[in-house]
Amino acid sequence: MLATTLVLIAALLHATWNTLIKFSGERVLVVACMDCVALLFVAVMVLFMQWPPMEIWPWILASAAFELLYRYLLIQAYRVGDLGLVYPLMRGLSPLVVLALTLVFAGEELSTQQILGILLIPFGMLCLLWQGGGGARLPWSMLPVVALIGLCIGCYTYIDGQALRRWSRPLDYLAWVTLLSAWPFPLVAVVWKRPAFVLFWREQWRLGLSVGLCVLLSYALVLWAMQLGSIAEAAALREVSVILVVLFGMRYLKEPFGRPRLLACGLVLIGMLVMKL
């Protein structure tokens, strides 16, 4: 029950920060500000962080690499697609990736009911390919990008779960991954967009701070939840954020809410109920 609660709170935070990034016209600068907040967290943690065992370093490096690629691709995808279309498509693929990696490499045992519930979520996302999910179509050229984002999410989720099975210090693990993945975008902003970055931080620091805190807290809660229960189930339950994002997009970004998006949200809910009942 605790793991489920943690994942659902993380889903709310994840939906919130993605909506804020999509809402902003300066997404590179928002991500740079977000990562500055993350680096401040590392600066606070540095006095308390344990040095990871050598066997954990490959997991940390791999997770940081996928996180960085995920950030870059997310910015590209949000430039051309509705939040309520891009976000569900990319998130819908990740449970499949985690499920496959978990069953093949981790040997984690899942019931037939859990597997069915997990599979309902990505099948729900396929509804969004029908007539643009009830809104503007996503350009076909962007579908490989969205698919790659889902692959990145699934890979770093699986990696994080496996790392925490070997080193049960989620905050330390979060700090080390953050240290490696959070500096490139602030560096790019300072070197190539310094005047705009300074102005953005001065005028919209609340936005940058809000996104940064949501990202950190969401990530920390998911790591904690994966320590308590099934990695594949945690990855799937987090996709309740899909429903929230579709609703946020409709409410705050004036995006349409067509029948395909309604059907996708319904299948996500059914999948969650099948997993947990």
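See the structure above.
Residues numbered from 1 in each chain as written. Predicted model: local features only at pLDDT ≥ 70, side-chain atom pairs only at ≥ 80, totals over all residues. Heavy atoms only, no water.

1. A closer look at the nonpolar core
As a reminder, the rule being used: For our purposes a nonpolar core is just a set of buried Ala, Val, Leu, Ile, Met, Phe, Trp, Tyr and Cys residues, chained together by side-chain atoms within 4.5 Å. To sort residues, take the accessible area from a 1.4 Å probe on protein chains only and compare it with the maximum for the residue type: under 20% means buried, over 50% means exposed, and anything in between is partly exposed. Working rule for contacts: check all heavy atoms of both residues, and any pair within 4.5 Å makes them a contact.
Counting residues in hydrophobic clusters, the biggest one holds 89 residues, and the most contacted among them are Trp-17, Ile-21, Tyr-70, Met-90, Ile-149, Tyr-173 and Val-211. Excluding anything up to four places from it in sequence, Ile-21 contacts Arg-27, Val-30, Val-31, Met-34, Tyr-78 and Val-211.

2. Overview of the pattern of salt bridges
Condition: Here a salt bridge means any side-chain nitrogen of Lys or Arg lying within 4 Å of a carboxyl oxygen belonging to Asp or Glu. Every helix listed is a DSSP run of H or I at least four residues long, and every strand listed is a run of E at least two residues long, numbered separately from the N terminus.
Going through the model one piece at a time under the given rule, you end up with three salt bridges. Of the charged contacts, one joins Asp-35 and Arg-71 as a salt bridge, the two residues approaching to 3.1 Å between their closest N and O atoms. Of this pair, Asp-35 sits in helix 2 (residues 27-45) while Arg-71 sits in helix 3 (residues 57-78), and the two are 36 residues apart along the sequence. With respect to class, Asp-35 is no different from Arg-71; both count as buried. Two residues, Glu-67 and Arg-71, come together in a salt bridge whose shortest N-O distance is 3.6 Å. Here Arg-71 and Glu-67 lie together in helix 3, a separation of four residues that amounts to about one turn.

3. Notes on the packing of helix 1 (residues 2-23) against helix 10 (residues 205-228)
Filter applied, for reference: Axes, fitted as lines to C-alpha atoms, cover a helix only where it is in contact. Angles between the N-to-C directions of the axes lie from 0 to 180 degrees. Any angle that is under 35 degrees is reported as roughly parallel, and any over 145 degrees as roughly antiparallel; angles of 65 to 115 degrees are reported as roughly perpendicular and all others as oblique. Should the near helix be turned counterclockwise from the far one by less than a right angle, the crossing is left-handed, whereas a clockwise turn marks it as right-handed. Put simply, Ala, Val, Leu, Ile, Met, Phe, Trp, Tyr, Cys and Pro go in the nonpolar bin, Asp, Glu, Lys and Arg in the charged bin, and everything else, Gly too, in the polar bin.
Two numbers describe how helix 1 lies on helix 10: the axes approach to 8 Å, and their chain directions differ by 155 degrees. The pairing of helix 1 with helix 10 is recorded here as roughly antiparallel in orientation. Where helix 1 crosses over helix 10, the two elements pack in a sense that is left-handed. Taken together, the residues of helix 10 that come into contact with helix 1 (itself represented by Leu-2, Ala-3, Leu-6, Val-7, Ile-9, Ala-10, Leu-13, His-14, Thr-16, Trp-17, Leu-20 and Ile-21) are Leu-207, Ser-210, Val-211, Cys-214, Val-215, Leu-217, Ser-218, Leu-221, Val-222, Trp-224, Ala-225 and Leu-228. Class assignment for the residues of the contact of helix 1 with helix 10 results in 20 nonpolar, four polar and no charged.

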